Structures are given as structure tokens and as C-alpha cells.
Amino acid sequence: MTRTTETTTNRNETAFAKDGHSERATEGIVNSGRRGFLKNTGLATMAAMVGASIPFHRNMPAGLVPAAFAQDNDVLAGKDGLTLLNDRPVNAETPAALLDDAITPKSRHFIRNNGIPPQDVDPESWRLTIDGFVDNKLELSIADLREQFEVVTLQLTLECGGNGRNAFDPPAKGNQWTYGAVACSEWTGVRLKDVLEKAGVQSNVVYTAHYGADSHLSGNPDKLPISRGLPIDKAMADNILIAFEMNGEALHPMNGAPLRLVVPGWPASTAQKWLTRIELRDQVHDGPKMTGTSYRVPAYPVAPGQDVPEEDFVIIERMPVKSLVTFPANGADIGMETDVRGHAWSGDRSISRLDISIDFGTTWQTVELDDPVNDGAWQNWRSKVTFPQAGYYEIWARATDSEGDMQPFAIAWNPKGYLNNMMHRVGVRVS
Ligand SMILES: Nc1nc2c(c(=O)[nH]1)N[C@H]1C(S)=C(S)[C@@H](COP(=O)(O)O)O[C@H]1N2
Ligand SMILES: [Mo]
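Analysis parameters
Sequence positions are assigned chain by chain, starting from 1 and proceeding in written order. Written order decides the labels, with chains lettered from A and ligands numbered from 1. Residues qualify for local features only when their pLDDT is at least 70, as the model is predicted, and side-chain atom pairs are given and counted only at 80 or more; totals for whole chains, interfaces and linings, by contrast, use all residues. Only hydrogens and water are set aside; all other atoms, that is, all heavy atoms of the structure, feed into the side-chain values. Runs of H or I in DSSP of at least four residues are treated as helices and runs of E of at least two as strands, each being numbered from the N terminus. Buried, partly exposed and exposed residues are distinguished by accessible area as a fraction of the type maximum, computed with a 1.4 Å probe on protein chains only: under 20%, between the cut-offs, and over 50%, respectively. Under the convention used here, a 1.4 Å probe and the Shrake-Rupley method define accessible areas, while residue burial counts only the protein chains that appear. Pairs of N or O atoms within 3.5 Å make up the polar contacts considered here, provided that, within protein, one atom can donate a hydrogen while the other can accept it, and that residues adjacent in sequence are counted only when both atoms are side-chain atoms. In this analysis, two residues are considered to be in contact whenever any of their non-hydrogen atoms come within 4.5 Å of each other. A pair of strands is labelled paired if DSSP reports no fewer than 2 bridges between them. Whether a residue is near a molecule or strand is decided by its heavy atoms; if any one of them lies within 4 Å of it, the residue is near. Asp, Glu, Lys and Arg are counted as charged, while Ala, Val, Leu, Ile, Met, Phe, Trp, Tyr, Cys and Pro are counted as nonpolar; the rest, among them Gly, fall into the polar class. Axis lines are fitted through C-alpha atoms, for helices just across the contact stretch, and the angle between N-to-C directions can take any value from 0 to 180 degrees. The term nonpolar core refers to a set of buried residues drawn from Ala, Val, Leu, Ile, Met, Phe, Trp, Tyr and Cys, joined through side-chain atoms within 4.5 Å. Any pair of Phe, Tyr and Trp rings, taking the six-membered ring for Trp, is counted once the centres come within 6.5 Å. Such a pair is stacked with planes under 30 degrees apart, edge-to-face with planes over 60 apart, and tilted for the rest. Look at NZ for Lys and CZ for Arg. If either is within 6 Å of the ring centre and within 35 degrees of the ring normal, a charge sits over the ring.

A. Up close: the overall build of the protein chain. Helix and strand content of the protein chain: five helices and 23 strands. Within the span of the protein chain, comprising 431 residues, buried residues form 55% of the whole. Here the protein chain has roughly 18,200 Å² of accessible surface; of this, 48% comes from carbon and sulfur atoms.

B. Highlighting the side chain of T326. Tracing the sequence through the fold places T326 in strand β15 (residues 322-327). Within polar-contact distance, the side chain of T326 engages the side chain of D100 at 2.7 Å. If sequence neighbours within four positions are ignored, T326 has contacts with A96, A97, L99, D100, R341, G342 and H343.

C. Region of the structure containing the environment of L84. Residue placement: L84 occurs in strand β1 (residues 83-87). Between the C-alpha atoms of L84 and T94, which are ten residues apart in sequence, the distance is 9.0 Å.

D. Layout of the pairing of strand β21 (residues 379-386). Relative to β21, strand β17 (residues 337-345) runs antiparallel, the two sharing eight bridges. Considered in β21, the bridge of D339 is made with K384.

E. Broad picture of the site of ligand 1. Close contacts around ligand 1 come from 19 residues, with F110, N114, D214, R260 and K273 the closest. Here a nitrogen atom of ligand 1 and a backbone polar atom of A271 are 2.9 Å apart. One of the side-chain N or O atoms of Q272 is found 3.0 Å from a nitrogen atom in ligand 1. For ligand 1, whose accessible area on its own is 530 Å², the fraction buried by protein is 100%. Along the lines of polarity and charge, the residues of the shell around ligand 1 split into nine nonpolar, six polar and four charged.

F. Structural view of the sheet that holds strand β4 (residues 128-132). Judged by pairing direction, the sheet is mixed, and its four strands sit side by side in the order β5-β4-β12-β8 without closing on themselves. The sheet is open, and its two edges are formed by β5 (138-140) and β8 (207-212), each paired on a single side. Direction aside, neighbouring strands of the sheet carry axes that sit 15° apart on average. Taken together, the four bridges between β4 and strand β12 (residues 275-281) define a ladder with parallel strand orientation. By the bridge assignment for β12, G132 is matched with L280.

G. Here's a closer look at the nonpolar core. Among the nonpolar cores identified, the biggest contains 49 residues, and I130, L145, W187, V195, I242 and I278 are the most heavily contacted of them. Looking at this core, the element that brings in the most residues is strand β9 (residues 241-246), giving five residues. Once residues within four sequence positions are removed from consideration, V195 is found in contact with I130, L138, L140, L145, F149, V190 and I242.

H. Quick look at the sheet that holds strand β2 (residues 90-93). Read from one edge of the open sheet, three strands run β1-β2-β3, paired in antiparallel fashion. The sheet is open, and its two borders are formed by β1 and β3 (111-112), each paired with just one other strand. By the bridge criterion, four bridges tie β1 to β2 in an arrangement that is antiparallel. By the bridge assignment, D87 is partnered in β2 with V90.

I. Summary view of unusual backbone geometry. A cis amide bond links D169 to the next residue, P170, at an omega of 0°. With respect to the helices, strands and loops of the structure, P170 is situated in the loop between β6 (151-159) and β7 (182-191). For the bond running from F327 to P328, omega is -5°, close enough to zero to count as cis. Inspection of the secondary structure assignment puts P328 in the loop between β15 and β16 (332-334). Of note, N247 is a non-glycine position whose phi angle comes to about 50°, a positive value. When you line up the elements, N247 lands in the loop between β9 and β10 (249-250). For N247, a relative accessible area of 24% corresponds to the partly exposed category. Even without glycine at this site, W274 takes up a positive phi of about 45°. Mapped onto the secondary structure, W274 falls in the loop between β11 (260-262) and β12.

J. Region of the structure containing the packing of aromatic side chains. Applying the stated criterion across every chain yields a total of six aromatic pairs. Taking the centre distance of 6.2 Å and the plane angle of 80° together, the rings of F110 and W177 count as edge-to-face. Separated by 67 residues along the polypeptide, F110 in the loop between β2 and β3 and W177 in the loop between β6 and β7 bring together distant segments of the chain. Side by side, F110 and W177 carry an identical accessibility label, which is buried. Put simply, the rings of F360, W396 and F409 touch in pairs and so form one group of aromatic residues. The aromatic ring of Y211 is capped on one face by R277, whose charged end is 4.6 Å from the ring centroid. Taking the ring centre of W364 as reference, the NZ or CZ of R398 above it sits at 4.0 Å.

K. Representation of the pairing of strand β22 (residues 391-401) in the model. The element β22 is extensively covered by neighbouring structure, given that nine of its eleven residues are classed as buried. In this sheet, β22 lies alongside strand β18 (residues 351-357) in antiparallel orientation, the contact comprising six bridges. Paired with D355 across the two strands is R398, which belongs to β22. As defined by bridge partners, β22 adjoins strand β23 (residues 424-430) across seven bridges and the pair is classed as antiparallel. The partner of A397 across the bridge, within β23, is H424.

So this is what it looks like as C-alpha cells:
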């Protein structure tokens, strides 16, 4: 298993989970040359986490994570063919060729965790609180949600803001997603809007704040791994769901079971998993991963490697126009004729055209493109290609959206590696 050198959390705070990069002072439990768990976590903190003092703590090998605190070994249980980018927290993406289905199977939805998921969740006793600047604070079970609100099913595209980070040069720290931190499953739940309306949104509300039941990598119960939010106008969109089903089944544990937000078209970091609370605020939310450079980009174009002052970063809103080639697979050996297909999407917009090229972008052919099944679903496209002779080809796909934005050939570099929407290229050998 590989680990990224750093997650998007503050390095000092994640020392617990990492390989001893932090130089944070310890209580002198281990000698300073040793790396690992104890070096970075005070004995008192660790005892608090395991719920008892540790009489033999001096015998614990450096780097040992207490078994009581370890994650399930099979972190990808119920998933099929995902590539693990990091095992603590679990981050796994789906190879493009495995995203070929119009509706992404539960087993192939990517996983992006910032912390440790809750264990043994009980859907029956799960409660969602709506509070803050509301007329009536609500506390709802999943049964209440089903009974009190219209239940809707929508195909919704979720994409991590950092999808495509792997292509950044100079590299950006964080999970090295290639293409596969995107999916479009069919989600069933109730509209966020309906629930907020029932709570009564007060006139001073400008932003939502989302909270989930996962815990911080440090084990510190006072810290949250992530808590993001949405401008209230966006939160009132018709296609944002509080979802309790994925493709007609319970959510996968790693995708937020038993309850999560699904926010299509915006960084999926806004789509809180293991959702327990939504607070309405009279100011922009300032929870973990809302501030600094998290899920933010410079307010202006920058050159690769350019230093950008933190105050010049703005919160990412809609995700840019993008597409994937899901057939054939990159590296495939194929015949002189082939089907070519994939998906395309653009946050808060639709796709108006999809072009492919087999001659390194010299000529382009517009292909058959479906309308979105509903607002927020990716659009499927397909074509047949006949190659002029045997050899190596690249199939390139380029989507254009309803506002005329087209995918670029080159990456728009930014310091944290967000929003890479450059064209997807698939190499094939034809014989
Ligand atoms: N509670 C909680 N919600 C979360 C996260 C998380 O770490 N904890 N990660 C967010 C991020 S950054 C992304 S991209 C999406 C990923 O959803 P998925 O893991 O179901 O694919 O969940 C979001 N919701
Ligand atoms: Mo994300």
C-alpha cells in the first residue's frame, strides 16, 4: 500500500497517522531517532484514545498503532477494482475503464476520506439536527426524513476538487488522483431545500455548515476532519439531496452510510458523509477545510510554481467542464474498428458538444451525446472509430459546455492541485 506524503490536513495534526514527519514535541516516550506513532502522540492523548492507561507503553514498538484503534484491514471491502492511494485515511479512485457504466455501481464509487469513518453505524438511531439561524430546530431520524418529505431519486455526479492532481508539475501535495475521483450513481433521499424550508431559514442566513460522524486522524475528539458548507442560495438548489440510498441500496459504509449530502457539480467535499448536523450561519462557514488554501484556488491565473499569498485564494464553487473516455481502456490492444464512449459533465451546466480526435488533436469529430437524465447527472456519449492503418493511436475527448467553456489541452496549474479538467487521452494499439 502506498501513502501520499501528505494529506490535505495540517501536517502536524496528522502526525498520528503518518510516518513521523512531524517534529512536534513528545513526552519523551521514545528516543528521537525513531519514527512513528508514539513519537508523535503524547502518551496521555493515546491513553485517552484507547480509553485506559497503557501500563506497558515503554514496550510498544515505534510506529505501532494500537489494534483497538486500527481500521478494518480490508479497507476496500465491497469495492471492485479501485486503486488505493492512501490507507489512512482511506482514499481510493476508480480506473477510467471501470467507470464505463452510465450509473456508477456502488462497488466502483471512489472513496475520499479525510478522517476515520464511524464504526457500526445504526440507521435506526441515526439523527440529523438542523440548527443555527432557523425558526424551528429539527431533529430527524431517517424514518422522519422519509415520512415528512418527498423522497426523490436522481443521478448525480460527484467529483473531488483534487481529481487530476497527479498531473500537476510542479507537483501539488495531497492525494495523487489521476482521473477516477468522479462518479455518477443514482441517489435516493430528500431535497436539502425541503428540509431547510421546514426548519425555516432566517433572513440573515448566508451559509450552511455540514457536520459528520467521522473522527479526526489524531483521535482528538474535539477536532473534526472536515466540515464544509454552501452559500445558502446554492443550498436551495433542487438537486442537492440528503441521501439514504445509493443505486437503490443502503449507502456503502465508505460513502457515508447511513446518511450523506450529495451536492452535484461542486467539489464533492461539500457533500458531507455520515451526516449528523446542518447549521445555518450568518457568515461564511469557517470549519476545517473551508479556510486557508483548502478547496481554494488563486483568484487569478498563476504560472506553474508561482507563490500565491493565502489571502488571494477564493473558495472553489462549480467544477469545470470535463469528460472521460471509459471505452476502450488506456493501453488496450484493439482492432481496426472500435466503439468509443464515455461521460461528460460541467458543474451547474450541461454539456452541449463532445468531440474526439485520433490524430493528436489535428482533426476533431463531434459524437453522439445524450441529454442529462436529470440536472446534475453526467452525460453519456458514444461513437465508432475506424483507424486508417495499424499502429499506436491516442483517443482524445474534449467536452464543451452550455456556456461555451471547452476543456483545455494543458493544465491550469494552481498551488493545491485542484480543478484539473484537461482532456482525457487514451492510448491504444491497433492491429
Ligand atoms: N464526513 C465526511 N464527509 C466527506 C468527506 C470526509 O472526509 N468526511 N470527504 C469529502 C470529500 S473531500 C469528497 S471528494 C467526498 C467523497 O465522497 P465519496 O467518498 O463518497 O466518494 O466526500 C466528502 N464528504
Ligand atoms: Mo474531495
